[in-house]
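Structural features, examined
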Amino acid sequence: MNRPLACLACLLFFVRPLAAAGDDPPDFSREVLPILSDKCFVCHGPDAAELGEDMRRLDSFAAAHEATETGRAIDAKAPHQSLILQRVFSADDPMPPEDADKQLSDAEKGILKRWIEGGGNYAKHWAFVPPVKTALPAGSDNPIDAFIKVRLQQRRLDFAPRADRPTLARRVALLLTGLPPEPEQLQQYLGDNSPGAYARLVEQLLDSPRFGEHQARYWLDAVRYGDTHGLHLDNRRGIYPYRDWVVRAFNRNLPLDDFITWQLAGDLLPDATVEQKLATGFVRLNPSTSEGGAIPAEFQAKNNFDRTETLGTVLLGVSMTCARCHTHKYDPITHADYYGLLAFFNSTAESPMDGNKYEYGPTLRVPSDQRAWEQWAALMQQGDDLVRSSVDALKSQQKPPVADNTAAMLRWLAADDSPFAGTATQQQALALGDQLEALTQQFTTTLVAQELPKPRVTRVLHRGEYTSPTGEALTPAVLPVMGSLPNAAPSNRLGLARWLTSREHPTVSRVLINRIWQRTLGYGLVRTPEDFGVQGQQPTHPELLDWLAVELQDSNWDLQHMLRLMVHSRTFQQSSAWRSDVDDPENRLYARATSYRMDAEMIRDMGLWASSLLDPTMGGEGVKPYQPSGMWLAMAHPASNTKKYERDSGQRLYRRSLYVYWKRTSPHPMMTLFDAPDRESSCVRRSRTNTSLQSLGLLNETQRIEMSRKLAERLLQDETDDNRRIDRLFLKLACRVATDVERQVCEKLLGAMRQRFGDEPDAARQLLSTGESPTNEKLSIVEVAAWSQVVTAVMASDAAIVVY
C-alpha cells in the first residue's frame, strides 16, 4: 500500500455522523472539522512531520491542497481525483479497512464528498470566532424562547405545559439560592395571582444573601478552592477570605468583567483596594508542596502549569494540557503559545515551595468573617465622609491635603499638629482610629498575588521538562488563535485580564454564559463546558449561545440580568414530566425542563434548613461537622497538621455546606459521596451518579439522623394529626402536599415504627441521642423516633433531593 495513501486513510477512521446528505457544501467548522480533528490531526496535524517526511498535514488548506508526486489529498479542480475520496469509495482497498471496528456510514461519506466537491475549503473553528447577535426569530417575547421555539417547530413540537406554581417556586429558589423558598415566601407567592407575582419572587431570591453563597459554590469548584495545600503534608492554608470575597462579589452583582479582572490582577490596578488585592487569591489556589527533596525549579514550572491549564478550563474553554509538552494535536495552540500564556504567571512573588505554612506569602491582613467586613466597611465609610469634609475645608483655605488615602488622612487629622487639632474633627478621627485599630487586631491573613520587581525568564520547556528550557526568552503573550492584546494593554496579568474581557475575545463570554445556562437548565448549550475546542461537542443551539454571550457583554457583564432572562423564559418554566411525543432522551431540544439530583451541598443544606438547624452565619474559617473518626489520620502524613480531624461543636456544626472545611486529600465524605470534586484540579461540570452507598449515607449518616429528629419534633409540636404532619413535611421539602401514594407509604412506615419503638423504647432513646442538638423532653420518645424514621425516608426520596 502506498504510504501517503495509507496515512491519509486514517482521515476517515472512526468518524461520526453529523448531517444528512444535501446539495450544499457542509459547514466546515461544525460538520467537517470535528471529523478531521477527532481521528486525523493526531497523525496529520501540526506534528505530522515527526511521523515521517511523507506524512501529509491536513490541518490547513495549503497542506491539504498541496500537489505531491502521488497527487493531492484534496483536488478542488478535479474532486474525483482527490486521494481522500478515492480511498473512501474504494471497493478493493477501502478506508477504513473492512476489518476495522467502526465503518463510515453513507451519510458520513456524503459529508466528506460534498465538502471536497464544494472546493474543500477550510474555516476557523466556530468557538474561535467572536460571537455576534443574529436577528431574533419572531414569535416569542423572550429571546431565549424565540431561539428554542425554532428548533421545536422544525420537529413540529411546542413547549411542554408550564410547571405548576409550587414546583416553579421551588425550582427557581433552588436555582438562585440553593434552598427552597421560605414557607411564608411560598404562601405569599401562591396567594398572589397578579401578573407580577413570579417576578417579585425572583427579585426576593436575588436579593437574598443566600444567592451569593449558592453561586459562589460553582465558581469555587472551577477555581479548585481548598483550605489545604493539597500535596504531601496537605497542611492548612490561609485563604478562606478569598472564598468569602467571592460570596460578597456575587451578592453585590459585581460585573463579571471586574470579577475576572480583580482575581487575575487586582494588585496591578491603579490605587488597588484591599478587596481588589484580596481577590487575587485566585492566582494562589494551585496545589503546592514543600516535600523534602522537592526541587524548587520543578515546582515553579508545575505551579505555573496548573495556573495556565486552570485558566484554559475556567475562562478559555479549551484543554491546554496537551500543549504543555507539544503543539496541540487538535486545537490551533502551539507549544510556544502555551509558554507565552504561562509567562503571565511566572513572575508572581511567592516561593515555588510553600514551606508547609499557613501564611505562605505574600499575604494580606483582612477582616476575619462577614460580620467583621461589615464593621470595617462601616467604619471606613465614616472615615471617608470625615476625610471628604475635611478636604473640602482645606481646599477652601487653599491648604492641600497631606495624604492620598483614607487611613493616612485619619492619622493626620488625629495628630496634635493637624490644622484640626482641638476640634470635633480631630476627636472624630481619634475615635475612628481607635475603633479601626481594635478591629484590625482581629484580622486574619490571606494569600494574595504580587509581582516581582524583575520578571522571571520564561522559555519553552521541551516536552514540558523543567530541566529542558529551549529557545529565546518569551514575552508574556496571549493565544494568537483568540486574538491579540488590546491596544495599550501591558504585558502582565492586568493585560491578560483586559484581553479576556475584551469585546473581541471569542470564548470567554460564551464559556461563562454556557455554565450559567448549565446550572439553570441542567445541561449546557455546549455539553462539554470544559472544552469548546474541536474535540468538544457542538452547541445544541449555536445562535442562542452567541446571542446570550453578546447580551452578557451588552449588559455590562451583569450575571443577575442573565439569570432573570433565563428564569423568566418559557423554556425554564416548562414541566419536567417525560414527554412520550418527543424522541429526545438527552433533552437537547429543551422540549421540557430537566430534572436532576441535587449536588451534595444542596442535599445537606436542604436538611439543615428544613429541620431549622441551619446556622445563617456567613464567612469565616471552614467548619468541621460530623464525619467518621480516623478518616484524615488514615490519609495523612504523620507530620501533617491536618492529620487529626477535630470536630466542631455548637452552631458551627450547622453552618452551610459552602463553609465546610475543604481538605483536598480528603474532602468531607458526604460531599465526595455525592460527586463533589476534590478540588485538586478545576471542575466545571460535576458528575451525577446514583449508587446504593448514597442511599446508605442518606439513611444513616449522623447529621441526617439529627436533622430528621429535629424536623420530627417540629412536626409533632406544630401539627395536631398525622395527615397534617405528612402534608407539612412535604410542603417543607417539596413545596406541595403529599400524593395519595406518598401518604399511604408514610402512614404504613409510621405505624411500623410506632410498633417497633413502642416495643423497644431503648432503641428510640439511642436513635434520639444521635447528634449534639438537645432533644425535646416534653415529647414522647416513641413518637419522635417513629416520625424521625418517616422524615429520614422522605428526605432521602426523589421528592426531596431532585430538582424537577
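Residues numbered from 1 in each chain as written. Predicted model: local features only at pLDDT ≥ 70, side-chain atom pairs only at ≥ 80, totals over all residues. Heavy atoms only, no water.

**With respect to the nonpolar core**
If you look at the biggest cluster of nonpolar residues, it comprises 139 residues, and the most contacted ones within it are Tyr242, Trp245, Leu264, Leu496, Leu500, Trp517 and Leu548. If you tally residues by element for this core, the top one is helix 18 (residues 370-396), at 8 residues. What Leu548 contacts, discounting residues up to four positions off in sequence, is Ile144, Ile513, Trp517, Leu525, Met562, Leu565 and Met566. Met602, Phe730, Cys746 and Ile801 belong to the second-largest nonpolar core, a separate cluster that totals 58 residues. (Core = buried A, V, L, I, M, F, W, Y, C linked by side-chain atoms within 4.5 Å. Buried < 20%, exposed > 50% of the residue type's maximum accessible area, 1.4 Å probe, protein only. Helix = DSSP H or I, 4+ residues; strand = E, 2+ residues; numbered from the N terminus. Contact = heavy atoms within 4.5 Å.)

**Details of the domain arrangement of the chain**
Segmenting the chain into domains produces domain 1 (28-123), domain 2 (165-207), domain 3 (227-362 + 453-515), domain 4 (369-442) and domain 5 (700-803). Each of domain 1 and domain 3 was reduced to a C-alpha centroid, and the two centroids are 38 Å apart. Taking both partners together, domain 1 and domain 3 bury about 570 Å²; carbon and sulfur atoms supply 46% of that area. Its largest share of buried area at the contact with domain 3, domain 1 owes to Val42, Pro46 and Asp47, together 61% of the area lost on that side. Connecting domain 1 to domain 3 are 0 salt bridges. Broken down by secondary-structure element, the contributors of at least two residues to the side of domain 1 that touches domain 3 are helix 2 (28-39) and helix 3 (41-44). (Domains from an automatic or database assignment. Buried area = accessible area lost by both parts, 1.4 Å probe. Salt bridge = Lys/Arg side-chain N within 4 Å of Asp/Glu carboxyl O.)

**What about the layout of surface pockets?**
Counted as a void, the largest pocket has a volume near 870 Å³. What lines the largest pocket is a set of 30 residues, among which Val274, Trp376, Met380, Thr406 and Ala407 lie closest to the centre. Those elements giving two or more residues to the lining of the largest pocket turn out to be helix 14 (274-278), helix 18, helix 19 (406-414) and helix 20 (424-440). With 7 residues, helix 18 is the single largest residue contributor to the lining of the largest pocket. (1 Å grid on protein atoms, 1.4 Å probe; cavity = no way out; pocket = protein on both sides within 12 Å on 5 of 7 lines; lining within 4 Å. Points joined across faces, edges and corners; volume = space filled by probe spheres on them.)

**Describing the packing of helix 22 (residues 508-521) against helix 23 (residues 542-554)**
One can describe the packing of helix 22 onto helix 23 by two numbers: an axis separation of 9 Å at closest approach and a directional angle of 105°. For the element pair helix 22 / helix 23, the angle class is roughly perpendicular. For the pair formed by helix 22 and helix 23, the contact residues are Ser509, Arg510, Leu512, Ile513, Asn514 and Trp517 on the first element and Leu544, Leu545, Asp546, Leu548, Ala549, Leu552 and Gln553 on the second. Per-class residue counts for the contact of helix 22 with helix 23 are 8 nonpolar, 3 polar and 2 charged. (Axes fitted to C-alpha atoms, helices over the stretch in contact; angles between N-to-C directions. Parallel < 35°, antiparallel > 145°, perpendicular 65-115°, else oblique. Nonpolar A, V, L, I, M, F, W, Y, C, P; charged D, E, K, R; others polar.)

**A short note on the side chain of Glu275**
Here Glu275 shows up in helix 14. The exposure class assigned to Glu275 is buried, which follows from its relative accessible area of 13%. Excluding residues within four positions of it along the chain, Glu275 makes contact with Trp245, Arg248, Arg252, Trp262 and Trp373.

**Side note on the environment of Leu268**
Position of Leu268 relative to the elements: it lies in the loop between helix 13 (256-265) and helix 14. Using a relative accessible area of 24% as the deciding quantity, one classes Leu268 as partly exposed. Leu268 has contacts with Glu451, Asn492, Arg493 and Leu494, leaving out every residue within four places of it along the chain.

**Structural notes on the packing of aromatic side chains**
This structure, assessed with the given rule, holds 18 aromatic pairs. On the numbers, 6.4 Å between centres and 75° between planes, the contact of Phe305 with Tyr339 is edge-to-face. Pair noted here: Phe305 is in helix 15 (residues 296-316) and Tyr339 is in helix 17 (residues 335-342), with a separation of 34 residues, a long-range link. Pairing Tyr338 with Tyr339 gives two aromatic rings, centres 5.0 Å apart and planes at 65°, and the pair type is edge-to-face. Taken individually, Tyr338 and Tyr339 each receive the classification buried, so the pair is uniform in this respect. Above the face of the Tyr659 ring, Arg655 is positioned so that its terminal group lies 4.6 Å from the ring centre. The ring of Trp632 has Lys663 lying over it, and the distance from NZ or CZ to the ring centre is 5.4 Å. (Phe/Tyr/Trp six-rings, centres within 6.5 Å; stacked < 30°, edge-to-face > 60°. Lys NZ or Arg CZ within 6 Å of the ring centre and 35° of its normal.)

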